[in-house]
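This is what each chain is made of:
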Amino acid sequence: MNARYDFGRNWSALAARFEDEHLDRACADLRRLLGDLEGKTFLDIGCGSGLHSAAALRLGAAKVDAIDYDTECVETTKAVLSRFAPEAQWSVKRADVLDKASLPTATYDVVYSWGVLHHTGDMWGAISNAAGLVGHGGKFAIAIYLKTPLCGLWTVEKRLYSSHRWLRPPVKAVFVTAHLLARTLRHGDTIAFVKNYRARRGMEFLADVDDWLGGYPYQSTSAEELETSLKKLGFSTKQRFNVVPGFGLFGTGCGEWCFKRTAL
């Protein structure tokens, strides 16, 4: 039984509907986290749909290399970059961040991995390997799930959701109903929440739900644990967003970090 979630299927379906507003949102998110990318070399680890690779090129990156474990994500990223950045300098290939032999031999000004390394099955090994691709003075931008009291429960749910396709429609229906009901009771803005989801998150609501429910393997960490680990690898914390965890009833949010390499 293969418990690894098929991210490529979800990203492929979403990427086919990308419009300029998706790319604009991705550009805004990259600019907020990383600042100026003009003339930088950029590695996108776990490129998924390729949207953030396209955004890096739109923001002036001199070269983008994109890698992903999932072959369908590789093909989707190629299609997205061919559409949004046909004249730019980029490459896309399959690689496993846990297999150093498959990774690039060069170092980069920016290594970016948003919501990926906690899905490898060895989060700390993946973080270490990815960090090793950052050149001196370069930036390492990652988003990692924050540890909550319900992470154990979600680990079981994700494994079942990923392993048994017949479970996906009913589990998704229950989750969406409960999530929107809770949203209505707390904020009363459910229709606006779903309608504006794309503009706020750069993703479709149901695609995001599927990605959350099926994201297995799954690990999480605390801000303190992650920052301490990166400090030992020669990095200082430059930016951090959304690093206070909730209870985790409707999911575990991603903390976002931009680290700078200060030592090799």
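Above: the structure in question.
For the structure given in this document, a descriptive report is provided here. Numbering of residues starts from 1 in every chain and runs along the sequence as written. In keeping with the predicted nature of the model, local features appear solely for residues at pLDDT of at least 70, side-chain atom pairs appear and are counted solely at 80 or more, and the whole-chain, interface and lining totals rest on all residues. As a rule here, side-chain values come from all non-hydrogen atoms in the structure, and water together with hydrogens is ignored.

Spatially, β3-β2-β1-β4-β5-β7-β6 is the arrangement adopted by the seven strands of the open sheet, whose pairing is mixed. Looking along the sheet, the strands with just one partner apiece sit at the ends: β3 (90-94) and β6 (235-241). Between one strand axis and the next, the sheet turns by 15° as a mean value, whatever way the strands run. Here strand β4 (residues 108-114) pairs with strand β5 (residues 134-145) via six bridges, running parallel. Of the residues in β5, the one forming a bridge with Tyr108 is Val134. Each of β1 (41-45), β4, β5, β6 and β7 (254-261) touches helix α2 (residues 20-34); the most contacted strand, β7, lies at about 50° to it. In what follows, residue pairs with any heavy atoms lying within 4.5 Å of each other are defined as contacts. Here an axis means a line fitted to C-alpha atoms, over the contact stretch when the element is a helix, while the angle between two N-to-C directions is reported on a 0 to 180 degree scale. Secondary structure follows DSSP: runs of H or I at least 4 residues long count as helices, runs of E at least 2 residues long count as strands, and numbering of each begins at the N terminus. Contacts from helix α5 (residues 123-131) reach β1, β4, β5, β6 and β7 within the one sheet, and its direction differs from that of β5 by about 155°. The pairing criterion is simple: DSSP has to find at least two bridges between the two strands.

Moving on, we come to the environment of Leu103. For Leu103, the location among the structural elements is in the loop between β3 and β4. Considered as a pair, Leu103 and Arg17 are 86 residues apart in the sequence and their alpha carbons are 30 Å apart. Once residues within four sequence positions are removed from consideration, Leu103 is found in contact with Ile67, Ala95, Asp96, Val97, Asn129 and Leu133.

Okay, the pattern of salt bridges next. Here, a salt bridge means any side-chain nitrogen of Lys or Arg that lies within 4 Å of a carboxyl oxygen of Asp or Glu. All chains considered together, the criterion is met by 12 salt bridges. The salt bridge involving Asp6 is made with Arg9; its shortest N-O contact spans 2.7 Å. Where Lys78 meets Glu75, a salt bridge forms, and the shortest distance between an N and an O atom there is 3.7 Å. Pair noted here: Lys78 and Glu75 are both in helix α4 (residues 71-84), with a separation of three residues, about one helical turn. Residue classification places Lys78 among the partly exposed positions, given a relative accessible area of 31%. Overlapping salt bridges bring together Asp6, Arg9, Arg165, Arg168, Lys172 and Asp210 as one network. A 1.4 Å probe rolled over the protein chains alone gives each residue an accessible area, and that area as a share of the maximum for its type sets the label: buried under 20%, exposed over 50%, partly exposed in between.

A large share of helix α10 (residues 205-214) lies buried, amounting to nine of its 10 residues. Within α10, burial applies to Phe205, Ala207, Asp208, Val209, Asp210, Asp211, Trp212, Leu213 and Gly214.

Glancing now at unusual backbone geometry. With omega at 5°, the peptide bond leading from Tyr216 into Pro217 counts as cis. Tracing the sequence through the fold places Pro217 in the loop between α10 and α11 (223-232). One non-glycine residue with positive phi stands out, namely Asn242, at about 55°.

Next up on the list: α11. Burial in α11 covers these residues: Ala223, Leu226, Glu227, Ser229 and Leu230. Angularly, the buried residues of α11 cover 160° about the axis, an arc narrow enough to put them on a single face. Residues Glu224, Lys231 and Lys232 are exposed on α11 and point more than 90 degrees away from its buried face. Contacts from the buried residues of α11 go to α5, β5, β6 and β7. Positive backbone phi, approximately 95°, marks Gly234, located one or two places after α11. Throughout, the arc means the angular range of directions from the helix axis out to the C-beta atoms.

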